[in-house]
Amino acid sequence: MKINKSHIITFCLVIALVGVITLTARYNDHYVSSFMDITIESNVLNESRKVFIRLPENFDSNKAYPLIIRTDGNFNLTKWDAVLNEHTKNGVILVSIPNQFWEFTRNRDLVPPYARQDVNTDARPEANFEARGEADKFLQFIEIELLPYLSSNYKLTDDRILSGFSAGGSFVLYTLHTKPELFNGYFAFSPAAWYDDMTVVKHFTDFLQTSLHELHRPTYLYISVGGAEHPLMLNAFNKLEDTLTVNRNDRLEWHSTINAHAEHSENPALSVESALTRYNKFIEK
């Protein structure tokens, strides 16, 4: 059978077009928001970082607003928008940081530097490992580049929340035990505290036992997990609850929720409203 050369060219063009359309759709889903997209040239990370900024309805530039910073960009962002529209009377500025599109940087940015960047369920190796998480650098980006940018462009109150899911949840716990003064609200949905023999739980426990005096104002922590999540996730969550119960302190108010029958990816959407409601009650005190 003789194949026409023009048919081959047409077929290749169709394949290329489908690829471009697919890539464009993925880019828009991941790296474009329906809110304000800005780019910060980060000296800390040595790269350009995009940030999505959702301003409240009837935004008033002369008014100061609470701030929420969250990781994982567009993931669950629609839910956040709906809940904020319904449950925040005075408005909130929501800032969502997407992961890089052209390279996988999620684990690099969100995994603490005392844990393996290559997150898996294998036991932590006895020998030293090189590829550690770089959450310290990502947190530095937030502290010395993103927060100053936001403060210079918007009026902000002292009420500030950091929220994350899975690896982002472990980043929230890492931030709380290393830079507790940056936020007074911490939301960790399905925190990946299990990896490397629960090293995140161990470091967090050390903070609760020795360094809670570093909380210079009342602080709120909300943790949640889905009831149908992996046993490792549930076990780590139970350990977090245990250490928070044993090491209670008046400066840290916390609440935990297990969303029955929820899988890992389902838990964040089920947690947003409860976390914000409880945080608002905490602030009203």
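Refer to the structure printed above.
Enquirer: How would you summarise the overall build of the protein chain if you had to cite specific residues and measurements?
Expert: For the protein chain, the helix and strand inventory stands at eight helices and eight strands. Here the contacts in the protein chain between residues at least 6 apart in sequence split such that 74% fall between residues at least 24 apart. Within the structure as shown, the protein chain displays about 14400 Å² of accessible surface, and the carbon and sulfur contribution to it stands at 52%.

Enquirer: Requested: an account of the nonpolar core, with residues and values cited.
Expert: By size, the foremost hydrophobic cluster in this structure holds 58 residues, and its most contacted members are Ile69, Ile142, Leu146 and Leu221. Take this core: its biggest share by element is eight residues, from helix 4 (residues 135-153). If near-sequence neighbours (up to four positions away) are discounted, Leu146 is found in contact with Ile40, Val51, Ile69, Val95, Ile97 and Phe141. Ile68, Leu94, Ala275 and Phe282 belong to the second-largest nonpolar core, a separate cluster that totals 19 residues.

Enquirer: I'd like to hear about the packing of aromatic side chains, residue by residue, with values.
Expert: A ring pair, where both rings are aromatic, is described by two values, the distance of the centres and the angle of the planes. This structure, assessed with the given rule, holds 17 aromatic pairs. Here the aromatic residues Trp80, Phe187, Phe189, Tyr220, Tyr222, Tyr279 and Phe282 are joined through ring pairs into a cluster of three or more.

Enquirer: Give a detailed account of the packing of helix 5 (residues 167-178) against helix 6 (residues 195-210), specifying residues and quantitative values.
Expert: Direction vectors running N to C along helix 5 and helix 6 enclose 30 degrees, while the axes themselves pass 9 Å from each other. Of the possible angle classes, the one that applies to helix 5 and helix 6 is roughly parallel. With respect to the hand of their crossing, helix 5 and helix 6 are arranged in left-handed fashion. When helix 5 is examined against helix 6, the residues Ser170, Leu173, Leu176 and His177 are found in contact with a partner set consisting of Tyr195, Val200, His203, Phe204 and Phe207. Here the residues of the contact of helix 5 with helix 6 sort into six nonpolar, three polar and no charged.

Enquirer: Describe the sheet that holds strand 7 (residues 219-226), listing the residues and the values that go with them.
Expert: The eight strands are arranged 1-2-4-3-5-6-7-8 in an open sheet whose pairing can be described as mixed. Across the chains shown, the open sheet's two edge strands, defined by having one partner strand only, are strand 1 (36-42) and strand 8 (252-259). Geometrically, the sheet is characterised by an average inter-axis angle of 20 degrees between neighbouring strands, direction not taken into account. Both strand 1 and strand 2 (residues 47-54) contribute to a ladder of seven bridges, which runs antiparallel. Looking at strand 2, one finds that Ile40 is bridged to Arg49.

Enquirer: Run through the pattern of salt bridges, naming residues and quoting values.
Expert: Close approach of charged atoms lets side chains of opposite charge pair. Tallied over the entire structure, the rule returns ten salt bridges. Among the ionic pairs, Arg49 bridges to Glu47, the shortest N-O distance being 3.0 Å. You'll find Arg49 and Glu47 in the same group, each marked buried. Note that Glu47 and Arg108 form a salt bridge whose closest N and O atoms lie 2.7 Å from each other. Taken together, the residues span a long stretch of sequence, with Glu47 in strand 2 and Arg108 in helix 3 (residues 106-110) at a distance of 61 residues. According to the relative accessible area criterion, Glu47 is buried, its value standing at 13%. Look at Arg108 and you get buried, because its relative accessible area is 15%. Each of Glu47, Arg49, Arg108 and Asp109 takes part in salt bridges that share partners, so that together they form one network.

Rules and cut-offs
- Residues numbered from 1 in each chain as written.
- Predicted model: local features only at pLDDT ≥ 70, side-chain atom pairs only at ≥ 80, totals over all residues.
- Heavy atoms only, no water.
- Helix = DSSP H or I, 4+ residues; strand = E, 2+ residues; numbered from the N terminus.
- Contact = heavy atoms within 4.5 Å.
- Areas by Shrake-Rupley, 256 points an atom, 1.4 Å probe, with all protein chains shown as cover.
- Core = buried A, V, L, I, M, F, W, Y, C linked by side-chain atoms within 4.5 Å.
- Buried < 20%, exposed > 50% of the residue type's maximum accessible area, 1.4 Å probe, protein only.
- Phe/Tyr/Trp six-rings, centres within 6.5 Å; stacked < 30°, edge-to-face > 60°.
- Axes fitted to C-alpha atoms, helices over the stretch in contact; angles between N-to-C directions.
- Parallel < 35°, antiparallel > 145°, perpendicular 65-115°, else oblique.
- Left-handed = near helix turned anticlockwise from the far one by under 90°.
- Nonpolar A, V, L, I, M, F, W, Y, C, P; charged D, E, K, R; others polar.
- Pairing = 2+ DSSP bridges.
- Salt bridge = Lys/Arg side-chain N within 4 Å of Asp/Glu carboxyl O.

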